[in-house]
Amino acid sequence: MSEKYGVGLGNNDATIRKKADSDYVSFWDEQAHNLSWFSPWEKTLDWNPPFAKWFVGGKINASYNALDIHQTTKSQKPAILWEGENGDSKTYTYGDLFVEVQKFANVLKSLGVKQGDRVTIYLPMVPELPIAMLACARIGAVHTVIFSGFSAASIKDRIDDSKSKIVITADGGYRRGKIVKLKEVIDDAIKGFEFVKHVIVLERTKNQISLSSKDKLWTDLMESISDSCNAEKLPSDHPLYILYTSGTTGKPKGVLHGTGGYLTHLYSTFKWAFDIKDSDIFFCTADIGWVTGHSYVVYAPLLHGATQIMYEGAPDFPDVSRMWDILQKYKTTIFYTTPTALRMFMKFGDDVPNSFDLSSLRLLGTVGEPINPEVWKWYYKIIGKEKCPIIDTWWQTETGGMMISALPGVETIPLKPGSGTLPIPGTDITVVDEFGTEVPPNTKGYLIIRNPWPGMLLTLWGDDEKYKSVYWSKYPNSYYPGDYALKDDDGYLWLLGRADDVLKIAGHRIGTAELESCIVSDDYVAESAVCGIPDDVKGEVIIAYVVLKNGVTIDKSILEKNLYNKIRNDVGAIATPKQIYFVSKLPKTRSGKIMRRLLKSIANGETIGDTSTLDDVSAVTEIQNIVKEKTK
Ligand code: ATP
Ligand code: MG
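The structure presented is a predicted model; accordingly, all values stated were derived computationally and were not measured.

Caption draft 1: Inspection of the site of ligand 1 at higher detail. Close to ligand 1 lie 20 residues, the nearest being Thr245, Thr248, Thr249, Thr397 and Lys593. Glycine 247 places a main-chain nitrogen or oxygen 2.8 Å from an oxygen atom of ligand 1. Separating an oxygen atom of ligand 1 from a side-chain N or O atom of lysine 253 is a distance of 3.0 Å. When contributions to the shell around ligand 1 are tallied by element, the ones reaching two or more residues are β20 (390–393) and β25 (493–498). Classifying every residue of the shell around ligand 1 gives four nonpolar, nine polar and seven charged.

Take a look at the structure:
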């Protein structure tokens, strides 16, 4: 934990922490003035625990702040540099987006969509996806985007839960060169749903589709519609969207976000963390189907009038160099991706990125899972060439935006590989024990958030009780994210994995991230996941699953011995796994996160529960077979 990187790569504004610490409410009040409001708020925060209303009485519109405000100065500036999986490309300027969004807002109105109505969007990564979202926001409809990799059964639940009047989809979407027939999936998912009045179909792949009386083609609807639609003046807490969580720990939760607070949080964090400049080319690899895409592909960059890349397809298609090819092609300056993607890139070898010119990069970011220090260092050295700060941003669907991150846009602090560093200004985040008492430095415990923050969820859709019990019942008046963490001597936060996944071995608690990072630091290892299973003597023993890098031929029994030694040396004998299994892949959610609860169930010989968010079933069957074989 003593290594320090990135010193001097950023700005310094000493006043920001001071202001935030002295009064977080007036601090956020000041930040909210960066947005355009139709009418000012009367009260900055109405905190009726656990329900927070920000900028009460203020009137605002997300689409207005993303588009209208840029029309005088930036109508010719590219907003989206879209790159299709098959190599197609298309540029949308702020002026183009403004026209398309107004037209589509009029389309929605013409189909009877009113303020507060829900609209489900099930589209691939094409510009029409943000256009549809911004059109909803413009008229006060609540969008609910579903990742286009989900199957009919998972979509059915979500549409039923949100009772959407309109569903927007495409004939198909490209994924690894193949066409995914999205319209067919929707037909299946909405069978018997009388409340769905219309399905709008975008023709992306031009594959054959059958149209019913409910179905309308995007192009037909847009043909002769007016391109002028005023943005509705909405209350600050007007719901902007419902988004279901990734489902790493269980059944996804319908997170409801508001407008004024959420946008304030995004505007501020985008500036502080990414140090965004007018000349930047920003690239966030997240699918818009996840919160990172909502917050840092759609809303935050547009609020700032930034130029960004939006990529349609898989990061390793048509070959393993696709990402670096895109970075080079558009002279990308800021790159934001996930640890799971980085581990995959690392697995392909250094020669791949090394054969591209990545010199335009100036800042790197990661989100979604704890980043193993080994992977962080690779990112810093091989991609950033030791000249780009890396921000490791911790946040959740529920928090709306970043909560823990280094902020090169406003302050320069030394970076430590594997640590998210400090909470963002205006938040109160710490680590506590079972009883809610703050733990001393370097002691592991549970992350909590003690004050409301502007990007905070309004509630869980239609379920205030669940909202209270999931997030606010473990500790009085504190938000419980469900993550295990520690604070070091410098006050830096280290996220150690999910609290539910903590390993409890002979009275010691070990976060999954600590052990996995130790295993991943072996030269031959690409990825690892650990879990605990009950043991009569020790209470719990550890099982480790290990994926090797491409082309590794080392004798597994030798590697196994090396790994046992490494764990004993680096983490302690107590953390030695009972069993190491070598597998070809790990079970992950469709957003790329490791699903440790499945590994645990398999190792325990239990049924594996809800798998609707599982990306690749074959990962589970392989592990089931290996475990069966070993335990025979
Ligand atoms: P569900 O709540 O349905 O199980 P999920 O928690 O995976 O799904 P998200 O909101 O997409 O859904 O993910 C948030 C979680 O991701 C955090 O609680 C944390 O566990 C993990 N996470 C995100 N960013 C980081 C990070 N930088 N470091 C460590 N963990 C992170
Ligand atoms: Mg979660």
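Caption draft 2: Region of the structure containing the nonpolar core. Core analysis: the largest hydrophobic core is formed by 184 residues, its most contacted members being Phe104, Ile121, Ile168, Ile200, Phe274, Tyr299 and Trp324. Broken down by element, this core gets its largest block of residues, nine residues, from helix α6 (residues 128–139). Two domains share this core, each providing at least three of its residues, namely domain 1 (15–427) and domain 2 (502–630). Those residues in contact with phenylalanine 104 that sit more than four places away from it in its chain are Ile131, Ala132, Ala135, Ile168, Ile200, Trp218 and Met222. In this structure, Val541, Ile543, Tyr581 and Ile608 belong to the second largest nonpolar core, which totals 21 residues.

Caption draft 3: Representation of the domain arrangement of the protein in the model. With domains assigned, the protein is organised as domain 1 (15–427) and domain 2 (502–630). A separation of 32 Å is found between the C-alpha centroids of domain 1 and domain 2. Listed by partner, the interface residues are 25 residues for domain 1 and 25 residues for domain 2. For the domain 1 and domain 2 pair, buried surface summed over both sides reaches about 2000 Å², with 54% attributable to carbon and sulfur atoms.

Thresholds applied
Along each chain, numbering runs from 1 in the same order as the chain's sequence is written. Starting at A for chains and at 1 for ligands, labels are handed out in the order in which the entities are written. Selection of residues for local features in this predicted model requires a pLDDT of at least 70, selection of side-chain atom pairs for listing and counting requires 80 or more, and totals for whole chains, interfaces and linings are taken over all residues. To obtain the side-chain values, all non-hydrogen atoms of the structure were used and water was disregarded. Note on terminology: near, applied to a residue and a molecule or strand, indicates that one of the residue's heavy atoms is within 4 Å of it. Under the rule applied, a polar contact is a pair of N or O atoms within 3.5 Å (in protein, one hydrogen donor and one hydrogen acceptor; residues adjacent in sequence only if both atoms are side-chain atoms). Counting from the N terminus, the helices are the DSSP runs of H or I reaching at least four residues and the strands are the DSSP runs of E reaching at least two. Residue classes follow a fixed rule: Ala, Val, Leu, Ile, Met, Phe, Trp, Tyr, Cys and Pro count as nonpolar, while Asp, Glu, Lys and Arg count as charged, and any other residue, Gly among them, counts as polar. To define a nonpolar core, start from buried Ala, Val, Leu, Ile, Met, Phe, Trp, Tyr and Cys residues and group those joined through side-chain atoms within 4.5 Å. Relative accessibility thresholds used throughout: buried, under 20% of the residue-type maximum; exposed, over 50%; partly exposed, between the two (1.4 Å probe, protein chains only). As used throughout, domain bounds are those supplied by an automatic or database domain assignment. Residue contacts are counted whenever heavy atoms from the two residues lie within 4.5 Å of one another. By definition, the buried area sums, over both parts, the 1.4 Å-probe accessible area that each loses when the two are put together.

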